[in-house]
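Summary of the model geometry
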Amino acid sequence: MKIRTQSFLSFIFCWMLILRSAVVLSEDLLGVAPQDEEYYRSVSSLGTIKCKDGSGTFTKTQLNDDFCDCTDGTDEPGTSACPTGKFYCRNAGHSPLSIFSSRVNDGICDCCDGSDEYNGKIKCKNTCWEAGKVARDRLKKKIATFQEGVIIRKREVEQAKVSVAKDEAELSRLKNEENILKGLVQQLKDRKEQIEKQEEKERIQKEKEEKEKKEAEEAKLKEEKVNVEEQESKESNPENEEKIHDQDLNKSPVDHDVELTHNDASHDNIEDEHAEKNEEPSKVEQEYNPPHENKQEDASEDSESLSREELGRAIGSRWTGKKTEYENDHHHDHDHDDDHDDDDHDDDTHEEYSGYDTENEEDHRNYDEDDTDDRMNDVGDASHDDSTTSHKYDSDDEIDMSDVENTSNPSWLEKIQQTVKNFLQSVNPFQTPVDTSEAESVRKEYDDASGKLSKIQSRITSLTKKLGHDFGPEKEFYALYGQCFEIKENKYVYKVCPFKDATQVEGHSTTTLGQWEKFDESYKVMLFSNGDKCWNGPQRSLTVRLRCGSKVEVADIDEPSRCEYSALLTTPALCQEGRLKELQDKLEAVNNKQPLGHDEL
Amino acid sequence: MRSIVVLHHFLCLLLLLSHLNSVSSWKKEEFRNCDQTPFCKRARSRKPQHCKLIATDVAIQNGDLTARLITPKNFEQNPDEDSSEIASKPLILSLSVYHNGILRLKIDEDPSQNPPKKRFEVPDVILPEFESKKLWLQRHTKEVINGDSADSFVVYLFDGYEAVLRSDPLEVFVREQTSGNRVLSFNSHGLFDFEQLRVKKEGDDWEERFRSHTDSRPYGPQSISFDVSFHGADFVYGIPEHATTLSLKPTNGPGIEHSEPYRLFNLDVFEYIPESPFGLYGSIPFMLSHGKSHGTSGFFWLNAAEMQIDVLAPGWDSESSISLPSDQKRIDTLWMSEAGIIDSFFFIGPKPKDVVKQYTTVTGTSAMPQLFATGYHQCRWNYRDEEDVKNVDSKFDEHDIPYDVLWLDIEHTDGKRYFTWDRVLFPNPEEMQKDLASRGRKMVTIVDPHIKRDEGYHIHKEASKNGYYVKDSSGKDYDGWCWPGSSSYIDMVNPEIRSWWADKFAYTEYIGSTPSLYIWNDMNEPSVFNGPEVSMPRDALHYGNVEHRELHNAYGYYFHMATSDGLLKREKGQDRPFVLSRAFFPGTQRYGTVWTGDNTAEWEQLRVSVPMILTLGITGITFSGADVGGFFGNPDTELLVRWYQVAAYLPFFRGHAHHDTKRREPWLFGERNTELMREAIRVRYTLLPYFYTLFREANVSGVPVARPLWMEFPEDESTFNNDEAFMVGNGLLVQGVYTQNAKDATVYLPGDETWYDLRTGTAYKGGKSQKVDASGAIPVFQRSGTIIPRKDRFRRSTVQMENDPYTLVIALDSSGKAEGELYIDDGKSYEFKNGAYIHRKFVFSNGKLTSVNLAMSTSAGPKFLSDCTIERIILLGHLTKSKSARVEPTNHVTEVELGPLQIRTGVRPSVLTIRKPNVKVSDDWSIQLL
């Protein structure tokens, strides 16, 4: 009994001690993080403890006495005395925060629980509950985005696997077909040449015969008409020479008609080029060396010849680095020319964007301040306007393969093979005279086959190029291949085409911000580099930060330094399951910490 | 066909590229040199003893010594090579004497002779109260000098000095009474020339052409030139603004390859080069000399026209018959101006600080800045929009780097219409400023003097309606070209127009401005893109029919003045204005801050920024700085870091960059460099109590914050030519590092005292060069015998530091003594003028530190109260070991222990520290080491 009482008393005593020390510590341990409490408690027992950096020691009275004894701030976790220290706010209802000790009692409420302002100069409202709720809601939204994104991602990864396999299969099939077709084309070519040779022979023979015949006739005529004028006979000679000349030309080794036409065409082109070249210097002069540019080039030399306004613009442009308006106008012309040329050449890079919605608004999103770590990788708020559009760009890949890739008729190759075989068997190359219809069909067959071959080869090239790209460890970025994403910001339309390029379009003028370079920062960033050169500056470049989102969208675009652009792209590719798990754990942890009666979950 | 197009584009690119190269450098030929400037060419070609004038009718009138300058009859028949002899009407000379060793010499045309026009006298530069410091001369004495045929007239000038007017040959000089040694002299070499205004006659072709511009010069040649000699001088200094050394190298004479004179003509020079006598954005025609034998003297010519000044190498006048005592070193100078009058001031010194005080007695001391303005400023052309501003601001906090002001360049406006906002980029300017202000931060926006000629722009509408623009020579509003395109320029010479302009800064007029918004005046040389030499035509007309040529150098000054008045007005005179200006003139120091314009990110430019700022300091404008990092181009990281380290000790501390450059905020260069730049900025903030005290000293006495070494060590000849190190106040010596990969630096420590390394406390002996570590920071030393107040807690900005306790660092001299001061006020208002401030003097001797009140006792006026305490006192050079100290009058004992000199992680406690004396900074107290 006695013992019991004693132990009970000592129990009470101990309990009181603990309570007491807890009270004392809670005052002394102002600004101390829970994981450090143990360290600071040892002051009470040891009397003196070492600064964490070993720079000195401090006693219990020196703890939080508003005088810096440890250069690392160990002794002043709760005051502003040490410049290198950190202050821990518990922020019950929200997330705890470690702030610079320079924020303590500086008259600005930094902790949502207001614990950093305790000297009475300012009263901070406890906003943790509201802030926490906002943060939790945001976290929940983010989780929702992730959940959605993870599913899409999974699907896309699966699809990518299938697609890549399909692409690879196609590639190997095409390579195989290419081989066969190459052989066939060669055979057809040989045959065609044989026929043509034969035809040629026949023709020469025929001509020879005709000539002989004619000569015989002429000789006969000569004999008959002895008194013919000399001039007449002289005139006939050049005629003959001409004919011989024609024959010579025809005798030259000509492959086939198509190639002949091609040669002719290129010849024409060369002639055109000559003509162009003759024109060129004056054109260059006219277009690229106008008087105002002269001035721009060196105002000091030619300022006399400038109007006052031109001089003003020229001198001012030194600072701005901007071209004067004249030049801008000119630049527009230039771009316009560019477009025009492209149109002329039916350049497929200038496909029309019928799906592009000009009414789209720019996306001005405010990122949460204390969520910077997350915001780069994840979408914090998926509820923004759908401001971006996407479309395919890879028309250059989309060669019309219907004739070679018709799955319903997989035997096209066999058919060709058969046809060729038939030809080779049925057609006797040494048959005289050459069967003209047969020759025609050999030519046609050859044209068809070589056309198909070149299509297959270009498809092989584009497939090889595509499969050469790094689509991420799980090929999760495969879906982005061949897509472009747009955002309108003020007067510009920005177009980001992963694995290809990025451009800025203003009216008719297109500026390349960069060519696809690579992924960076373990697939969190896309780099586009070597864009158009800036006037008086570097080559443009674009850094695209990637974040998780259920849709692929350009969320933001910016030019923090001149000609160095940055954009934000949301994509399910970044919605990793592991990260979702982390977020869910985080939410759970936050919810568990909620004070009772406050938990709205 | 395709290849043709490609070729075509390639050619175009080539053209563009070549054109790029040609604009990326200083366009020397766009600016006039002396040979292309007729008055300069004429003046430079004159031989000694050119002047034939003599002084007659010498008399005392209205307290002045006056005379008429005439050409004697026998010379009149001998017209010289130039036009000045054509008009030979007498000139009027007057000599006035002012308190404390100032002699004023004025020479102008005689108004009674009806000149065609009154020549321009620069108004509103000389302090109104200066006239009251005039000593009314009662009498003169006569003497004959060197066997002259005519008398010389001597008047009393100052204790030990007298002024002499020698009438034939004409000469004015100041001499020491006892020795007779000259100090300063005027026209000792007879180079004086004064082209009088004439009425144009048939056949007179006065037009001047430069490149595509024609100057009609309706009044013909009207230039003035003369020689000034500085006796006992080893070096001359001053006459900013030039990107050159502190001591001015000779520009003419034996051994000088062709050199331009130092030009004073406010110009917007694109990509100026270091090391050139070429004129830049501002002009102060004030030269100082310093030498071992006499000490310091100064000469100031108040004239706002284009000026050219030659520093003549010894022996330039070898043929001259003038003989001066050969034991005296002398520096001769030639001063030439296109127009105006002679209104000049001789300052006798004899100490460096005396000359600066004398000069600022005439033109005013620098305004007391707000505390925030002494902190760090972050600028860029341009922080693009509100989000950008928010982001940059929060990054400072994220990296725990203090800063006080965020700046917006021209792009924030609606089409370069000042006082407006681009509402797409800045939809809520007031909210933005309030948000910054909630963390104690200010904003600065730019307001330039060119006004967009746009009928829809209210400023233009009012200015054109009221006739407030500068006129061209035909009397129409002058139409030039600047940022907004076609622009006109407010005629700031007219006080009425200045007042109108000032009203535009009212919160109701400047929509979107708040009390935390301050102003930046750029392009006020004025810069006119399509004008002659990128400025305004000289025959443009100002208020009062004054030609632009007559006041060009003061235009930016009046603009700065009007803007500063505007900020004063909007808060009814309660808030100290902050206005940064690029152009400047004598008196600018009363209205605000200047910076050295568009420098370049190169090591040589960091190097030259130090003498440029020191020169501004000794010519009155102490609150100046250079763009940290260099405006044009991308600094390499090491240069940027060094720039922060040097600039942190210079009065105006602002990072700025051209819009073509990469972002360069301090956190963009990796952790280590962020740390170094943070450290540089933090050191500045810890020293702000010291800086602020020095700004107050400059405000009271004119003595600059950043000083050439010779200002503190006038006897130490090794310092006279040193401009790579400088003093902050009398207590800190800062050695810049201006080269790549410097691990250490050689520092000359002047005097025979001991110097303490600011970071380590290591003691160095003075009087010789020391090699010291410079790897992590530039070398800085505290001079023994000084006490420096600090605040060692870092905050977001100066506002949050207000209540933080002080640290005193006492560096004892060999006798165990030290002294220092601390000035505190509310940091923003003018209440200090009524006595609402704390000014303490700390004196340490015999192991006892005493705080003495230096403030004037005003019982009636408002008081400035502070609860700030002193938390730490560091003793350097204290030999006896003390364990404790007794604080009086509270009579408590506090601990003395070893502590760190600067609180940084890993620093060993090594210096004697009085721990928590916790005395109030406003109180009288003493602390005795036990």
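These figures come from a predicted structure and were not determined experimentally. (Residues numbered from 1 in each chain as written. Chains lettered and ligands numbered in written order. Predicted model: local features only at pLDDT ≥ 70, side-chain atom pairs only at ≥ 80, totals over all residues. Heavy atoms only, no water.)

Here's the deal with the overall build of chain B
A tally of helices and strands in chain B yields 16 helices and 53 strands. For chain B, with 930 residues in total, the buried portion stands at 66%. Long-range pairs, those at least 24 residues apart, make up 72% of the contacts in chain B with a sequence separation of at least 6. Carbon and sulfur atoms provide 50% of the accessible area of chain B, an area that totals close to 30900 Å². (Helix = DSSP H or I, 4+ residues; strand = E, 2+ residues; numbered from the N terminus. Buried < 20%, exposed > 50% of the residue type's maximum accessible area, 1.4 Å probe, protein only. Contact = heavy atoms within 4.5 Å. Areas by Shrake-Rupley, 256 points an atom, 1.4 Å probe, with all protein chains shown as cover.)

Observations regarding the pairing of strand β23 (residues 405–408) of chain B
Residues and elements named next belong to chain B. Of the two faces of β23, the one lined by Val405 and Trp407 and the one lined by Leu406 and Leu408 are each fully buried. Strand direction decides the pairing type here: strand β22 (residues 376–378) and β23, joined by two bridges, are parallel. The partner of histidine 377 across the bridge, within β23, is valine 405. Between β22 and its parallel partner β23, the chain crosses via helix α5 (residues 386–398), and the hand of that crossover is right-handed. Two strands pair when backbone bridges link them, and β23 and strand β24 (residues 442–446) are joined in this way by four bridges, in the parallel orientation. Looking at the pairing, valine 405 lines up with lysine 442 of β24. In this fold, the crossover linking β23 to β24 by way of helix α6 (residues 429–437) has right-handed handedness. (Pairing = 2+ DSSP bridges. Right-handed = clockwise from strand over helix to strand, strands pointing away.)

Details of the sheet that holds strand β26 (residues 480–482) of chain B
Residues and elements named next belong to chain B. Spatially, three strands are ordered β25-β27-β26 in an open sheet, and the strand pairing comes out antiparallel. Across the chains shown, the open sheet's two edge strands, defined by having one partner strand only, are β25 (450–452) and β26. Direction aside, the axes of adjacent strands within the sheet are offset by 60° on average. In this sheet, strand β27 (residues 485–489) lies alongside β26 in antiparallel orientation, the contact comprising three bridges. Pairing of tryptophan 481 across the sheet is with serine 486, part of β27. (Axes fitted to C-alpha atoms, helices over the stretch in contact; angles between N-to-C directions.)

A closer look at α5(B)
Here α5(B) contains 13 residues, and its C-alpha end-to-end distance of 18 Å stays within 8% of the 18 Å for a straight helix at 1.5 Å per residue. Among the residues of α5(B), Glu386(B), Asp388(B), Val389(B), Val392(B), Asp393(B), Ser394(B), Phe396(B) and Asp397(B) are the ones counted as buried. Along its buried surface, α5(B) packs onto β4 (97–100) of chain A together with β22, β23, α6 and β24 of chain B. Of the residues flanking the end of α5(B), it is Asp400(B), one or two places downstream, whose phi is positive at about 55°. (Expected span 1.5 Å × (residues − 1).)

Regarding unusual backbone geometry
In this structure, the amide linkage connecting Asp168(B) to the following residue, Pro169(B), adopts the cis form with an omega of 0°. Structurally, the position occupied by Pro169(B) is in the loop between β8 (161–166) and β9 (171–176). Of note, the bond from Trp381(B) into Asn382(B) is cis; its omega dihedral lies within 30 degrees of zero at 15°. With respect to the helices, strands and loops of the structure, Asn382(B) is situated in the loop between β22 and α5. At Glu521(A), a position not held by glycine, the phi torsion is positive, near 50°. One can find Glu521(A) in the loop between β9 (509–520) and β10 (525–530).

With respect to the side chain of Asp404(B)
Residue and element names in this part refer to chain B. With respect to the helices, strands and loops of the structure, aspartate 404 is situated in the loop between α5 and β23. In this structure, aspartate 404 is buried with no salt-bridge partner, the nearest side chain bearing the opposite charge being lysine 442 at 5.6 Å. Separated by 2.7 Å, the side chains of aspartate 404 and tyrosine 685 make a polar contact. Here aspartate 404 is in contact with Phe372, Gly375, Tyr376, Gly440, Arg441, Lys442, Tyr685, Ser797, Thr798 and Val799, once residues within four sequence places are set aside. (Lys, Arg positive; Asp, Glu negative; His and termini not counted. Salt bridge = Lys/Arg side-chain N within 4 Å of Asp/Glu carboxyl O. Polar contact = N/O pair within 3.5 Å; in protein donor to acceptor, adjacent residues only side chain to side chain.)

Some words on the confidence of the model for chain B
Residues and elements named next belong to chain B. Scored by pLDDT, chain B comes out at a mean of 93, with 95% of its residues at no less than 70. In the predicted structure, residues 1–7 sits below a pLDDT of 50 and forms twelve contacts with residues beyond four places in sequence or in another chain. Ignoring residues within four places in sequence, the model shows residues 77–85, a span with pLDDT below 50, making 16 contacts including any to other chains. (pLDDT = per-residue confidence, 0-100.)

Notes on the sheet that holds strand β31 (residues 579–581) of chain B
Strands belonging to one sheet form pairs held by backbone hydrogen bonds; the direction of such a pair is parallel or antiparallel. Residue and element names in this part refer to chain B. As summarised here, the arrangement of the nine strands in space is β33-β32-β31-β28-β24-β23-β22-β35-β34, forming an open sheet in which the pairing is parallel. Pairing within the sheet leaves two strands with one partner each, and these edge strands are β33 (624–625) and β34 (627–628). In the sheet, strand β32 (residues 593–595) pairs with β33 via two bridges, with the strands oriented parallel. Along β33, the bridge assignment pairs valine 594 with serine 624. Along the sheet, α6 makes contact with β23, β24 and β28 (517–521), crossing β24 at roughly 140°. The strands touched by helix α10 (residues 555–570) are β28, β31 and β32; relative to β28, the strand with the most contacts, the crossing angle is about 175°.

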